Amino acid sequence: MMTYVVCYDIEDDRERLRVARCLESIGERVQYSVFEVHLRNASELNRLQTALKAIVGNNSQDIRFYRLTADALAASACLNGDPVAIKPAFIVI
């Protein structure tokens, strides 16, 4: 499981809404323009990046991906002291 923080700064309202909807479909919004995305492999990351590039075109520099390692996640916390949620690698149904 790979965890990324994806953030963006997009002026165009329509593009910003489309980017947010794309990220909401696979990740969790943690702030207005910041999402935590949990991906299984590099091909899922490539698909996400391709989908976002199709939305923003040449403005793709306004979307950033920060990969969080397991150590970084374990050392992360919210200001109120709550730990940052770590999603399980799989779900048993």
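Residues numbered from 1 in each chain as written. Predicted model: local features only at pLDDT ≥ 70, side-chain atom pairs only at ≥ 80, totals over all residues. Heavy atoms only, no water.

Draft legend 1. Inspection of the packing of helix α1 (residues 13-24) against helix α2 (residues 42-56) at higher detail. Put simply, α1 and α2 touch, their axes get as near as 9 Å, and they point 165 degrees apart. On the basis of their axis angle, the class for α1 and α2 is roughly antiparallel. Classified by chirality, the crossing of α2 by α1 is right-handed. For the pair formed by α1 and α2, the contact residues are E15, R18, V19, C22 and L23 on the first element and L48, A51, L52, I55 and V56 on the second. Here the contact of α1 with α2 is built from residues that sort into 8 nonpolar, no polar and 2 charged. (Axes fitted to C-alpha atoms, helices over the stretch in contact; angles between N-to-C directions. Helix = DSSP H or I, 4+ residues; strand = E, 2+ residues; numbered from the N terminus. Parallel < 35°, antiparallel > 145°, perpendicular 65-115°, else oblique. Left-handed = near helix turned anticlockwise from the far one by under 90°. Contact = heavy atoms within 4.5 Å. Nonpolar A, V, L, I, M, F, W, Y, C, P; charged D, E, K, R; others polar.)

Draft legend 2. Looking closely at the nonpolar core. In this structure, Y8, V19, L23, V37, L52 and I63 are the most contacted members of the largest nonpolar core, which totals 18 residues. Those elements that place two or more of their residues in this core are β1 (2-8), α1, β3 (34-39) and α2. Looking at this core element by element, the count peaks at 5 residues for α2. If we skip the residues at most four places from it in the chain, I63 touches V6, C7, Y8, I10, V19, L52 and V56. (Core = buried A, V, L, I, M, F, W, Y, C linked by side-chain atoms within 4.5 Å. Buried < 20%, exposed > 50% of the residue type's maximum accessible area, 1.4 Å probe, protein only.)

Draft legend 3. The pattern of salt bridges, seen in detail. Tallied over the entire structure, the rule returns 3 salt bridges. With a closest N to O distance of 2.3 Å, R16 and D13 form a salt bridge. With R16 and D13 both in helix α1, this residue pair falls 3 residues apart, about one helical turn. Across the pair E24 and R29 runs a salt bridge whose closest N-O atoms are separated by 3.0 Å. We classify E24 as partly exposed; its relative accessible area is 43%. (Salt bridge = Lys/Arg side-chain N within 4 Å of Asp/Glu carboxyl O.)

Draft legend 4. A look at the pairing of strand β2 (residues 27-31). Relative to β3, β2 runs antiparallel, the two being bridged by 4 bridges. Looking across to β3, one finds that Q31 is bridged to V34. Joining the antiparallel neighbours β2 and β3 is a turn of 2 residues. (Pairing = 2+ DSSP bridges.)

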